[in-house]
Amino acid sequence: MLHERGSSPAMYVCVCRAVTENEVHDCIAGGAKSARQVRDITGAGGDCASCVRKICAILKRSEDLLPTA
């Protein structure tokens, strides 16, 4: 499933499972808070696990964007 945000095409985070950055962002928007939760939803990180660092970086960036009370 290839999503597009804006005008640029989605980049793959996990080549083994063909999971895009946008799919990871969708998981996070849906409540995923860990790489394990993203894996459980998308399968990303379940094979060779080389994408886990990328997923963690996306999670970290999304946390940094949250407003603090």
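To start, this report covers the structure provided alongside it. (Residues numbered from 1 in each chain as written. Predicted model: local features only at pLDDT ≥ 70, side-chain atom pairs only at ≥ 80, totals over all residues. Heavy atoms only, no water.)

Helix and strand content of the protein: 3 helices and 4 strands. Reading the protein from its N end, one meets helices and strands in the order β-β-β-β-α-α-α. Here the protein holds 69 residues, and 30% of them are scored as buried. Pairs at least 24 residues apart make up 36% of the contacts formed inside the protein by residues separated by at least 6 positions. When the accessible surface of the protein is totalled, it reaches about 4800 Å², and 55% of it is carbon and sulfur. (Helix = DSSP H or I, 4+ residues; strand = E, 2+ residues; numbered from the N terminus. Buried < 20%, exposed > 50% of the residue type's maximum accessible area, 1.4 Å probe, protein only. Contact = heavy atoms within 4.5 Å. Areas by Shrake-Rupley, 256 points an atom, 1.4 Å probe, with all protein chains shown as cover.)

Here the focus is helix α1 (residues 21–29). The α-helix advances 3.6 residues per turn, and as a result positions three or four apart in sequence lie on the same side. Of the residues making up α1, those classed as buried are Asn22, Glu23, Val24, Cys27 and Ile28. Downstream of α1 by one or two residues, Gly31 has phi in the positive range, about 115°.

As a packed pair, α1 and helix α3 (residues 52–65) sit with axes 10 Å apart at the nearest point and diverge in direction by 50°. It follows that α1 is oblique to α3 by the angle criterion. For α1 against α3, the interelement crossing comes out right-handed. Facing α1, whose interface residues are Glu21, Val24, His25 and Ile28, α3 presents Ile58, Leu59 and Ser62. Taken together, the residues of the contact of α1 with α3 sort by class into 4 nonpolar, 2 polar and 1 charged. (Axes fitted to C-alpha atoms, helices over the stretch in contact; angles between N-to-C directions. Parallel < 35°, antiparallel > 145°, perpendicular 65-115°, else oblique. Left-handed = near helix turned anticlockwise from the far one by under 90°. Nonpolar A, V, L, I, M, F, W, Y, C, P; charged D, E, K, R; others polar.)

For the largest pocket, the calculated volume is near 190 Å³. Contributing to the lining of the largest pocket are His25, Ile28, Ala32, Lys33, Leu59, Ser62, Glu63, Leu65 and Leu66. Those elements that place two or more of their residues in the lining of the largest pocket are α1 and α3. The residue makeup of the lining of the largest pocket, split by class, is 5 nonpolar, 2 polar and 2 charged. (1 Å grid on protein atoms, 1.4 Å probe; cavity = no way out; pocket = protein on both sides within 12 Å on 5 of 7 lines; lining within 4 Å. Points joined across faces, edges and corners; volume = space filled by probe spheres on them.)

In this structure the tally under the stated criterion is 3 salt bridges. Between Asp40 and Arg39 there is a salt bridge, and its shortest N-O distance comes to 3.0 Å. Its relative accessible area of 33% is what places Arg39 among the partly exposed residues. With a shortest N-O distance of 3.1 Å, Lys60 and Asp64 are connected by a salt bridge. (Salt bridge = Lys/Arg side-chain N within 4 Å of Asp/Glu carboxyl O.)

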